[in-house]
Amino acid sequence: MEYYIAIASIIGIHAMLGLSVYLVAISGQMSFGQQGFFALGAYLAGMSTALWGLHLLPALALGVVVAAVVGLLVGFPALRVRGLYLAIATFGFGEIVRLAFLNVRYTRRIGDRVVGPNASEGFRHVRYIYDRGITPLEYLGIILLALAVVVVLFFALERSKLGATLRAVEEDEVAASMVGINVTRAKVFGFTAAAGVAGLAGGLFVHYSSYIDHDMVALPLAIASVTYPIFGGLGSFVGPLLGAVVLVGLTESLRALHDAREIIYGALIILTMLFRPRGLVDEALVLRVKGWLRPRAVRRPAPAP
Amino acid sequence: MGTALFDGTEQLINGLMYGCFYALVGGGFTLLFGVLRRFNLAYGSTIMAGAYAGLIPVYLFKAPVLVLFVTTIVVSVLVGLLVEFCCFRFLRKGHELAPLMTTIGMLIVIDETIVHLTDAVGLKYPAPFGDESLALGPFLIRPDYLAILVVSIACFSAIFWLMHRTRFGRAMRAVAERPEAAQILGVSVRRVNVLTFVLTSAMAGIIGFFAAVSVGSARPEMAAWLTGKGLVVMVLGGLGSFPGAILGGLALGVLEFEAVWFLGSSYRDILAFSILFLILMVRPGGLLGSRPA
Amino acid sequence: MAAAARGAPPGPGPVSDAPILAIRNLSRNFGGLRALDDVSLEVPRGAVFALIGPNGSGKTTLFNVVTGTLAPTSGTILFQGEPIAGAKTHEIVRRGIGRTFQNIRLFTRMSVFDNVWVAVRTPRGGDRARSETERAEALLELTGLTAKRNELVENLNFGERRRLEMARALATEPRLLLLDEPAAGMGALELERLTQDIRRLRELGATIFLIEHTMDLVMGVADRIAVLNFGHKIAEGAPGEIQTNQRVIEAYLGREGSRA
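Residues numbered from 1 in each chain as written. Chains lettered and ligands numbered in written order. Predicted model: local features only at pLDDT ≥ 70, side-chain atom pairs only at ≥ 80, totals over all residues. Heavy atoms only, no water.

This part is about the overall build of chain B. When helices and strands are counted, chain B shows twelve helices and four strands. Relative to a compact globule of 293 residues, whose C-alpha radius of gyration would be 19 Å, chain B shows 19 Å and is just as compact. For the C-alpha atoms alone, the extent of chain B along its principal axes is close to 60 × 50 × 35 Å. Counting the 293 residues in chain B, one finds 56% classified as buried. Contacts in chain B between residues at least 24 apart in sequence constitute 77% of all its contacts with a sequence separation of at least 6. Counting only carbon and sulfur atoms, one obtains 67% of the accessible surface of chain B, whose full area is about 12,700 Å². For chain B, the separation between the mean place of its 20 positive charges and that of its 16 negative charges on side chains is 15 Å. (Helix = DSSP H or I, 4+ residues; strand = E, 2+ residues; numbered from the N terminus. Rg over C-alpha atoms; globule rule 2.2 N^0.38 Å. Buried < 20%, exposed > 50% of the residue type's maximum accessible area, 1.4 Å probe, protein only. Contact = heavy atoms within 4.5 Å. Areas by Shrake-Rupley, 256 points an atom, 1.4 Å probe, with all protein chains shown as cover. Lys, Arg positive; Asp, Glu negative; His and termini not counted. Charge placed at Lys NZ, Arg CZ, Asp CG, Glu CD.)

Turning our attention to the overall build of chain A. Check the secondary structure of chain A and you find 13 helices and three strands. The C-alpha radius of gyration computed for chain A amounts to 20 Å, which stays within 12% of the reference 19 Å derived for 305 residues, consistent with globular compactness. C-alpha atoms of chain A, sized along the principal axes, occupy 80 × 45 × 35 Å. Split into buried and exposed, the 305 residues of chain A put 60% on the buried side. In chain A, the proportion of contacts linking residues at least 24 apart, taken out of those at least 6 apart, comes to 73%. When the 25 basic and 18 acidic side-chain charges of chain A are each reduced to a single mean position, those positions are 9 Å apart.

Between chain B and chain A, the residue contacts involve 40 residues of the former and 40 residues of the latter. Looking at the side of chain B facing chain A, the largest losses of area belong to Met101(B), Phe277(B) and Met281(B), adding up to 17% of the total buried there. Counting across the chain B and chain A interface gives zero salt bridges. The tally of links between chain B and chain A comes to one residue pair in polar contact (both at pLDDT 80 or more). Counting residues per element, the ones that place at least two in the side of chain B that touches chain A are helix H4 (65-89), helix H5 (97-118), helix H10 (222-237) and helix H12 (268-282) of chain B. Of the residues forming the side of chain B that touches chain A, the biggest block, 14 residues, is contributed by H5(B). Taken together, the residues that form the side of chain B that touches chain A break down as 27 nonpolar, seven polar and six charged. (Buried area = accessible area lost by both parts, 1.4 Å probe. Salt bridge = Lys/Arg side-chain N within 4 Å of Asp/Glu carboxyl O. Polar contact = N/O pair within 3.5 Å; in protein donor to acceptor, adjacent residues only side chain to side chain. Nonpolar A, V, L, I, M, F, W, Y, C, P; charged D, E, K, R; others polar.)

Turning to the interface of chain A and chain C, a few remarks are in order. Facing 27 residues of chain A, the contacting portion of chain C comprises 32 residues. Between chain A and chain C, the buried area comes to about 2,700 Å², and carbon and sulfur atoms account for 63% of it. Contact with chain C buries surface across chain A, with Lys161(A), Glu171(A) and Met178(A) losing the most and accounting together for 27% of the total. Where chain A meets chain C, there are four salt bridges.

Next up on the list: the arrangement of the chains. The structure contains two pairs of chains in contact, of which chains A and B account for the largest number of contacts. Considering only C-alpha positions, the minimal separation of the non-contacting chain B and chain C is 12 Å.

A few words on the pattern of salt bridges. Note on pairing: side chains with opposite charge can pair once their charged atoms come close. The final tally for this structure, using the stated rule, is 29 salt bridges over all chains. Ionic pairing is found between Asp172(A) and Arg105(C), a salt bridge with its closest N-O pair at 2.7 Å. Taken together, the residues Asp172(A) in the loop between helix H7 (161-171) and helix H8 (173-178) and Arg105(C) in the loop between strand S6 (97-99) and helix H4 (112-117) connect one chain to another. Note on Asp172(A): relative accessible area 12%, which makes it buried. You can call Arg105(C) partly exposed: its relative accessible area is 26%. A single network of salt bridges, built from pairs that share partners, joins Glu158(A), Arg167(A), Glu170(A), Arg278(A), Glu283(A) and Arg109(C).

For chain B, mean pLDDT is 87; residues scoring 70 or higher make up 97% of the total. Considering each helix and strand of chain B separately, the mean pLDDT is smallest for helix H8 (residues 179-184) of chain B, with a value of 80, and largest for helix H2 (residues 43-53) of chain B, with 95. (pLDDT = per-residue confidence, 0-100.)

The next subject is the sheet that holds strand S3 (residues 123-124) of chain A. Residues and elements named next belong to chain A. Judged by pairing direction, the sheet is antiparallel, and its three strands sit side by side in the order S1-S2-S3 without closing on themselves. Only two strands of the sheet have a single neighbouring strand rather than two, namely strand S1 (108-110) and S3. When S1 meets strand S2 (residues 113-117), the two strands line up antiparallel, connected through three bridges. Opposite Arg-109, over in S2, you have Val-114 as the bridge partner. (Pairing = 2+ DSSP bridges.)

Once that is clear, we can look at the packing of helix H10 (residues 219-232) of chain A against H5(B). Interhelical geometry of H10(A) versus H5(B) gives an angle of 125° and a closest axis separation of 11 Å. Between H10(A) and H5(B), the angle falls in the class oblique. The two elements H10(A) and H5(B) meet at a crossing, and its hand is left-handed. Only Leu97(B), Met101(B), Ile104(B), Leu107(B) and Ile108(B) of H5(B) make contact with H10(A), whose side of the interface consists of Ile223(A), Val226(A), Thr227(A) and Ile230(A). The residue inventory of the contact of H10(A) with H5(B), partitioned by class, reads eight nonpolar, one polar and no charged. (Axes fitted to C-alpha atoms, helices over the stretch in contact; angles between N-to-C directions. Parallel < 35°, antiparallel > 145°, perpendicular 65-115°, else oblique. Left-handed = near helix turned anticlockwise from the far one by under 90°.)

Turning our eyes to something else, we now look at the sheet that holds strand S7 (residues 176-180) of chain C. Residues and elements named next belong to chain C. Taken in spatial order, the six strands make up an open sheet running S6-S7-S8-S3-S9-S10, and their pairing is mixed. Every other strand in the sheet has two partners, leaving S6 and strand S10 (232-237) as the edge strands with one partner each. Adjacent strand axes in the sheet meet at a mean angle of 20° when their direction is disregarded. Bridge count for S7 against strand S8 (residues 207-211) is five bridges, and the pairing is parallel. Bridge assignment links Leu-176 to a residue of S8, and that residue is Thr-207.

This part takes up the pairing of strand S4 (residues 74-79) of chain C. All names here are of chain C. In this structure, strand S1 (residues 19-30) lies alongside S4, joined through five bridges in antiparallel fashion. The residue of S4 that forms the bridge with Ser-27 is Ser-74. As defined by bridge partners, S4 adjoins strand S5 (residues 82-83) across two bridges and the pair is classed as antiparallel. Across the sheet, Phe-79 pairs through a bridge with Glu-82, a residue of S5. Hairpin connection of S4 to S5: two residues between the antiparallel strands, including Gln-80 at a positive phi of 50°.

With that settled, consider the pairing of strand S9 (residues 224-229) of chain C. If a strand is regular, its side chains alternate between the two faces of the sheet. Residue and element names in this part refer to chain C. The element S9 is largely enclosed, with a buried count of five among its six residues. Sheet analysis places strand S3 (residues 48-52) next to S9, joined by four bridges and oriented parallel. Bridge pairing in S9 places Phe-49 opposite Arg-224. With five bridges connecting them, S9 and S10 associate as antiparallel partners. Note on S10: the bridge partner recorded for Ala-226 is Glu-236.

Spelled out as C-alpha cells, the structure:
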C-alpha cells in the first residue's frame, strides 16, 4: 500500500510538471527549463516550513510566486528567441538554477539537525509532514487536491478565449498578430503561469520526499517533464496527465523487467513520435471526441450557399 | 612576469588546447544541425557508445591503442547510422519537436544499455600519451591536451577540405542552404543526410576516444556532459556555422580554464551556462553570425 | 492628431476626400536590395483600391510594412490621419486594419469556429450588444461556413479556406481590409462569388486595398489602381487609364498578357 501511495504521489507531482511544459508548449514554445522553476519552488517552500516555520499553504504559495516572478523575468528576454534556440536557452536557465543551488549554503541548526540548503549536501530535513503527523495517504490527498485545482484552471483556460489565443500564437505568430493578438504578452503569460505550476510541483515534492538536491533537478527531470506532454499529446491538458500516468506507471510496473525498463521507455518515445508526432491526444482526436459529446440537436443543417 | 599573469597564460594555453576538444564536439553538433536543421540530442550518446565499445578489444585481446581508436570510430559510425534510421528517416515533416524527442528517446536507450552492461561504473582507459607533463618554455602542458590539439587541427583541415573541395561537400552545403533547390538540381538529400551522419559519427569516435583519455576512463556521465558543452559551443558559434563552432569551442575552453583557476571549479559550469543564456539573448546568431530569421 | 478622421462612422457613403491610408515616400531595403523605393499612394476612404505589378515588384512587402510585420527603412504611413509606421502589428490591427495572406495562413490545428472566434474582439465604439460567440457565428454564416464550424481547417477545400481567412480578417472589424491575391487559384464560380463579396463589403462601408493578378477581378471591382514595378510606383489611376497606360502595358500586361 505504501508503495502505491508513493507512486500515486509521484504521478501527481510529475503530472503537474507535464502540465507546466504543456502550458509553454501550447503558446508555441518548448522549455527544457521547467526543472529550474521546480527547484525554485521546492527550495523556497522547503525553507518556508523548515526554516521559517510557515504553514504549508503559504509556503507553497511563496514557492509558486517566486517561481512565477522568476519566470516573468526570464520570460521577457528568453521569449525573444524561439523554437530550438529557446529550448537551449531554457535548458541553460535550468542548469544555472541547479548549479546555483549546488553552491548556495543557507543553513541553521535546529535541535541536532542542520537544516536548509547546504550546497552539494542538498537540502535535508524538510520534516513538516512528519512533525505534524500527516500520513503519506493524507499527503497524497493534498497533492491530488492541488492537482485538481490546477486541472480545473487548465479546463477553464482551454475553453476560454485566452486558450484559443495561446494556440493561435503557437501555430503562426504573424497570423496571430494579424488578428490583433499581442504575441509577446501571450507568450510571457504562458511562460509565467507555467513557471508557477512547476514551482507548485516543486513545493509539493520537497515536502513529500523531505529532501532535495541539485542532482534531482538535472537533465533527466527536464527530459521527463517534456516527455509527458509530447508523448501524451498536445491537443488537450488530458495529454500530459495521460503521459504522466502511463509513463510513470509504466516505469514502475516494469520494475520486474528492471534491466529493460528505461530502454522500453526510450523506444516508446521514438515510436510515438513516428506515428503520432503531436502525441496520443492530438488536436484531431480532441475535436472528434468533442463531436461525439456534442448533442445532435445543436448541429445545424448546412445553409444554402 | 607576475604570478597571476604567468598562471593566466598557462591556463590560456591549456584552455586553447582543450578548447579544440570542445570545438570538435560543437563542430559535430553544428555540421549535423547545419545540414538537417534538426538537433541530434543522441550525439553525446553516440560519442559515449564509441568510447565504451573501443575498450572491448582491449579487455578481450589486450589490443593496442590503435585498435581501440579504430574501434571507437567504427562503432560510433554504426550507432550514428542507427540514430539516423530510427530517429530521422521516417519522421513526418513539419514537426520541429519530433526529432528532438526521438533523439531523446535514443539517448535514453543508448545510455541505459551502457549503464546496464557496465553496472554504471567507469571503465579505466589507457593513457597512450603518458602522464608526464611536457615543458613548453616555462609552462607545463599535458601531453594528451597536445594530442587533442594536433588531432583536432587535422580534423578541421579535413572537414574544410571535404566541404570546399569535394562533390560531397558541395552537395552538403547546397542541402544546408536550400534543400528543395538542391533536390531539384539532382542532389539526393537522403544520401547527403546519411553521409553527414557518417562524417559526424566518425568525429564522435575521435571525440569519444579523447574524452575518455583526458578523464582516464569511460564514464556514464559523459553523454550529458558532452551534450551540454556541445550545445553551448554550437550556440556560441551561431547554429550551423562550422567556423563559428571552432571559435566558440576555443572561447569556451579558455573561459573555463581561466574561471577554474581564478574563481574555483564550482563556478566553471555555471559560467558556461550563463554565457550560453546571455549569448542567446543578446546575440542569438552567435559570435560570428547575424540574427536568425 | 486628426481626431475628425478617426471618428468617421462606418457605413455606406460617398468616397470621401480624406484618405483612410496615406503612404508617403516609403522605402524598404533588404540588404542591398531596394524592395520598395520611395512609394507614395493614398487609399481613399470607402474605395476599392487595387495594387498590381509583376511578381517580385514589392506588393506583398508593401502590405507587410503597412501591417507592421516589417519595419519601413524610411517614409511615413498615416492611417486615419495617425502615423502607424513601425508600430506593432497587433496595435495596427486594433486600430482597424485587417488582412489576408497570399499563401493563406489559418490556424490549421484549430476548428473553423475557433479560427474566427479568436479574432473577434470588441473595439472602441464597437457593437458590444452581441456576444463574441454570436459575432463569430454571424461571420461563418456570412461566408457560408456554418456547416463546417466544428471541422479542423485541414478538412476544408481551397475556396473554403480563402473564405475562412476572409471571415477571420473581418472578425477584427477592420475599417481597411488588405487582401493579398484573394483570387489566386480560384475557379470561375468562386471568382464570381469573391467579386460579389468585395462589392458587398464595400457597400457595408469597408475600404478595400487589394493585391491581385486576376485582371477580371481587378477591372470588375477596383475604383482605383496603382502599379508597382521593381519597388517603384509607375502609374496610378482609374481602371480605364491603367489599361491604356503605355508603361504599365510594357511592365506588366506585356509580360503577363495571357492573364490580362
